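Coordinates in review
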Amino acid sequence: GQNIDQPTEMTATEGAIVQINCTYQTSGFNGLFWYQQHAGEAPTFLSYNVLDGLEEKGRFSSFLSRSKGYSYLLLKELQMKDSASYLCAGRGTGGFKTIFGAGTRLFVKA
Amino acid sequence: DTGVSQDPRHKITKRGQNVTFRCDPISEHNRLYWYRQTLGQGPEFLTYFQNEAQLEKSRLLSDRFSAERPKGSFSTLEIQRTEQGDSAMYLCASSPTNEQFFGPGTRLTVL
């Protein structure tokens, strides 16, 4: 199967750190993406992990554990503009098919 | 603007009509994807092209959906005999390797 699960909603405070988790069936994917999508806009790329470990890119970091079928996106120093949906997506092992989770809606409050 | 463009941005049609959407990818990208997205959901994979070859197609797609990329540049997605359940945002994305660059989408409303 190719299920991707992530929490539906999260709320965090401006300036804080938030971790958005994503779990998936290990047999289905080879590489995990994170995308950000503001309401009414198209998704924009944040990160791609194909190997285990943490990759840091400014205020955003992404972690992958292939054996556990687990990834997370870490957002530091939250800003109001970070309020958006965060989509976890897996690349299928058979080719380039990309399967998206339903997304986690993050609300950043003052 | 050298990003991915889609046309039209909005389409309202009556049930049973055919519609065609166009996607112009970033020029040097050889990979092109079509997705469908409904409110509160992530994009749902429809099909994938590498240059002009359609290499993957979702099993969820009925025969009413067809896509082409005749010269490995722009792509079209056609929906025949539209149904109300086809109402959604249709997104196109292009990619040089891993990162996908999405267009603004075409919002389809089937009455």
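Structure: above.
Below, the structure is looked at part by part. Computed from a predicted structure; not experimentally measured.

**Brief notes about the overall build of chain A**
Within chain A one finds zero helices and 11 strands. Each helix (α) and strand (β) of chain A, taken in turn from the N terminus, gives the series β-β-β-β-β-β-β-β-β-β-β. In terms of overall size, chain A behaves like a compact globule, its C-alpha atoms giving a radius of gyration of 13 Å where 110 residues would be expected to give roughly 13 Å. Along the first, second and third principal axes, the C-alpha set of chain A runs to 45 × 30 × 20 Å. Going through the 110 residues of chain A one by one, you find that 48% of them count as buried. Pairs at least 24 apart in sequence give 56% of the contacts found in chain A among residues at least 6 apart. Put simply, chain A shows about 5200 Å² of open surface, and 49% of that area lies on carbon and sulfur atoms. Distance between charge centroids for chain A: 4 Å, based on 10 positive and 9 negative side chains.

**Considering the layout of surface pockets**
Reported here for the largest pocket is a volume of approximately 630 Å³. Along the wall of the largest pocket there are 28 residues; nearest its centre are A:Gln37, A:Ala39, A:Ser85, B:Leu39 and B:Gly40. Looking at the lining of the largest pocket, the elements that each hand over two or more residues are strand 9 (84-92) and strand 11 (104-109) of chain A together with strand 9 (88-95) of chain B. Among the residues making up the lining of the largest pocket, the classes are represented as 13 nonpolar, 12 polar and three charged.

**A look at the pattern of salt bridges**
All told, the structure shown has seven salt bridges over all chains when counted by the stated rule. A salt bridge links A:Arg59 to A:Asp82; the shortest N-O distance between them is 2.8 Å. With A:Arg59 in the loop between strand 6 (53-57) and strand 7 (60-65) and A:Asp82 in the loop between strand 8 (70-75) and strand 9, this residue pair connects regions lying 23 residues apart in the sequence. The exposure classification of A:Arg59 matches that of A:Asp82, with both residues buried. When the shortest N-O distance is used, the salt bridge between B:Asp24 and B:Arg22 registers 2.7 Å. Each member of the salt-bridge network shares a partner with another, and the members are B:Arg64, B:Glu83 and B:Asp86.

**Re the nonpolar core**
The biggest cluster of nonpolar side chains holds 21 residues, and the ones touching the most others in it are A:Trp34, A:Leu75, A:Leu78, A:Tyr86 and A:Leu106. Broken down by secondary-structure element, the contributors of at least two residues to this core are strand 3 (18-24), strand 4 (29-37), strand 7, strand 8, strand 9 and strand 11 of chain A. One finds B:Cys23, B:Trp34, B:Leu77 and B:Ala88 within the second-largest nonpolar core, a separate group that totals 19 residues.

Calculation notes
- Residues numbered from 1 in each chain as written.
- Chains lettered and ligands numbered in written order.
- Predicted model: local features only at pLDDT ≥ 70, side-chain atom pairs only at ≥ 80, totals over all residues.
- Heavy atoms only, no water.
- Helix = DSSP H or I, 4+ residues; strand = E, 2+ residues; numbered from the N terminus.
- Rg over C-alpha atoms; globule rule 2.2 N^0.38 Å.
- Buried < 20%, exposed > 50% of the residue type's maximum accessible area, 1.4 Å probe, protein only.
- Contact = heavy atoms within 4.5 Å.
- Areas by Shrake-Rupley, 256 points an atom, 1.4 Å probe, with all protein chains shown as cover.
- Lys, Arg positive; Asp, Glu negative; His and termini not counted.
- Charge placed at Lys NZ, Arg CZ, Asp CG, Glu CD.
- 1 Å grid on protein atoms, 1.4 Å probe; cavity = no way out; pocket = protein on both sides within 12 Å on 5 of 7 lines; lining within 4 Å.
- Points joined across faces, edges and corners; volume = space filled by probe spheres on them.
- Nonpolar A, V, L, I, M, F, W, Y, C, P; charged D, E, K, R; others polar.
- Salt bridge = Lys/Arg side-chain N within 4 Å of Asp/Glu carboxyl O.
- Core = buried A, V, L, I, M, F, W, Y, C linked by side-chain atoms within 4.5 Å.

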